[in-house]
Amino acid sequence: MQPLAIAAALGAFAIWLATADLTAGERTTLDPARILDYTGEHLALTFASAAIVLVIALPLGVVLTRAPFRRASGPILAVANFGQAAPAIGLVVLLASWLGFSFRAAVVALVLYAILPVLRNTMIGLQSVDARLVEAGRGMGMSATAVLFRVELPLAVPVMLSGIRTALVLLVGSAALATFVGAGGLGLLITTGVNLFLPKVLVSGALLIALLALLIDWLGRVVEHVARPKGL
C-alpha cells in the first residue's frame, strides 16, 4: 500500500498546486519545472553520497571483521559515530567553511553522516554468521576468500541491505540541509518558505522531501526482498 499512498499524496499535491490561490511569489517558487529541478538536485546529492558511502563502508566493514584488523574496529567506529553524533547542520556548515559552499562540501558532510549504518550493519551481518558454517566451508577445502564470498557475505546480505536502506533514508532527509551551502535540492523550498514567510512553500518542500524519503524506503525494501538469498 505504501507506493499507492505516495502516489495518492503526490497526485493530491499536484491538484492543489494547479488549483490553489497562490501569490505571484508562491507561484514562481512552486513552478513545476523548478520543483523538478530541485528534485533532480536532491536525488543527485543523495545518490552521489550513497555511492561514496558504499565504496567506503562495505569494504571497510569486511576488513574490520578479519582477525588482523579487529582491534582497529573500535577507533574506526568511534570516528564513524562522530558523524551521526554531531548535529547535521553543524557538520554541513563546518565542512562548507573548509571546502567552500558547494556541492562537494554537502556530499562530504552527507557521507560522514550516513556512513555509520552501512559500516555497522556490514560488520554485524558478518559477525553474526554461524562459525560452524565458516568451519564447514574451510573443511571442504575453501580458501578464506572463497568462504567470505560464498558463505559469509550471502548470509550477511539481509543485514547489510537493511543498513543501506537506513542510510538512504537518512541521506534523503539530510540532503535538505545542502541548501544552506548552496548545493540546491528541495530544502531550498523550506528555506524560501521560512525566509519569506510563505507557509505554503514551506509545507510543500517538507511534504515533497517526506514523500521522496518514503519512496526510497519502499524501493529499498523491494531490493532487500529481491536480493535476499533464496532460503533465508
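Here is a short report on the structure shown in this document. Counting restarts for each chain: residues are numbered from 1 in the order of the written sequence. For this predicted model, a pLDDT threshold of at least 70 governs which residues receive local features, and a threshold of 80 or more governs which side-chain atom pairs are given and counted, while totals over whole chains, interfaces and linings are taken from all residues. Side-chain metrics rest on all non-hydrogen atoms present in the structure, leaving aside hydrogens and water.

### Section: the nonpolar core
Threshold: Nonpolar core, defined: a set of buried Ala, Val, Leu, Ile, Met, Phe, Trp, Tyr and Cys residues in which side-chain atoms within 4.5 Å join the residues together. Residue exposure (1.4 Å probe, protein chains only): buried if accessible area is under 20% of the type maximum, exposed if over 50%, otherwise partly exposed. Segments assigned H or I by DSSP are reported as helices when at least four residues long, segments assigned E as strands when at least two residues long, and all are numbered from the N terminus. Only heavy atoms enter the contact rule, under which two residues are in contact if any of them lie within 4.5 Å.
The biggest cluster of nonpolar side chains holds 49 residues, and the ones touching the most others in it are Leu30, Leu45, Val53, Leu186 and Leu189. Listing elements by their share of this core, those giving two or more residues are α1 (2–19), α3 (32–64), α5 (88–99), α6 (103–127), α8 (144–174) and α10 (199–227). Excluding residues within four positions of it along the chain, Val53 makes contact with Leu58, Val111, Ala114, Ile115 and Val118. Within the second largest apolar cluster, six residues are counted, among which are Leu126, Leu148, Leu153 and Met160.

### Looking at a nonpolar patch on the surface
Worth spelling out the cut-off: Each patch is built from salt-bridge-free residues with over 30% relative accessible area, joining like charges within 9 Å and nonpolar side chains (Val, Leu, Ile, Met, Phe, Trp, Tyr) within 5 Å. Each accessible area is a Shrake-Rupley estimate made with a 1.4 Å probe; only the visible protein chains count as cover when residues are assessed. The working definition used for a salt bridge is a side-chain nitrogen of Lys or Arg within 4 Å of a carboxyl oxygen of Asp or Glu.
Taken together, the side chains of Ile52, Val55 and Ile56 define a hydrophobic patch exposed on the protein surface, amounting to about 260 Å² of accessible area. Examined against the element boundaries, Ile52 turns out to sit in helix α3.

### Here's the deal with the packing of α6 against α8
Two quantities define a packed helix pair, namely the angle between the helix axes and the distance between the axes. We count it as follows: Angular values range over 0 to 180 degrees, each being the angle between N-to-C directions of two axes fitted as lines to C-alpha atoms, with helices fitted over their stretch in contact. Roughly parallel here means an angle under 35 degrees, roughly antiparallel means over 145, roughly perpendicular means 65 to 115, and every remaining angle is called oblique. For any pair of crossing helices, the crossing counts as left-handed if the nearer helix is rotated counterclockwise from the farther one by less than a right angle, and right-handed if it is rotated clockwise. Ten residues, namely Ala, Val, Leu, Ile, Met, Phe, Trp, Tyr, Cys and Pro, are considered nonpolar, four, namely Asp, Glu, Lys and Arg, are considered charged, and the remaining ones, Gly among them, are considered polar.
For the pair α6 and α8, the least separation of the axes is 7 Å and the interaxial angle reads 155 degrees. With respect to α8, the element α6 is oriented roughly antiparallel. Where α6 crosses over α8, the handedness of that crossing is right-handed. Residues of the contact of α6 with α8, tallied by class, amount to 16 nonpolar, seven polar and one charged.

### Things to note about the layout of surface pockets
Selection criterion: Only protein atoms enter the 1 Å grid used here. Points where a 1.4 Å probe fits but cannot escape make up a cavity, open sets with protein on both sides within 12 Å along at least five of seven lines make up a pocket, and a residue lines them when an atom lies within 4 Å of a point. Grid points are joined across faces, edges and corners, and a volume is the space filled by probe spheres set on the points.
Each pocket or cavity is described by its volume, and for the largest pocket that value is around 290 Å³. Taken together, 14 residues form the lining of the largest pocket, with Leu10, Ile35, Leu36, Thr39 and Leu208 sitting closest to its centre. For the lining of the largest pocket, the elements supplying multiple residues, two or more each, are α1, α3 and α10. Here the lining of the largest pocket gets five residues from one element, more than from any other, and that element is α1. For the lining of the largest pocket, the class distribution of residues is 13 nonpolar, one polar and no charged. Along the lines of polarity and charge, the residues of the lining of the second largest pocket split into six nonpolar, two polar and three charged.

### Considerations on α1
For an α-helix the count is 3.6 residues per turn, leaving residues at separations of three or four pointing the same way. The following threshold applies: Here the expected length of a helix is defined as 1.5 Å per residue gap, with one fewer gap than residues. As used here, the arc belongs to the directions running from the helix axis to the C-beta atoms.
Taking 1.5 Å of rise per residue, the 18 residues of α1 would be expected to cover 26 Å, and the 26 Å separating its terminal C-alpha atoms lies within 8% of that figure. For α1, every residue scored as buried is listed here: Ile6, Phe13 and Leu17. Projection of α1 onto a plane perpendicular to its axis shows the buried side chains occupying an angular sector of 35 degrees, all on one side. Among the exposed residues of α1, those pointing more than 90 degrees away from its buried face are Leu4, Ile15, Ala18 and Thr19. Those residues of α1 hidden inside the fold are in contact with α2 (24–29), α3 and α10.

### Some details on the side chain of Ser174
Positionally, Ser174 belongs in helix α8. For Ser174, a relative accessible area of 9% translates into the label buried. Contact partners of Ser174, with chain neighbours within four places excluded, come to Leu110 and Tyr113.

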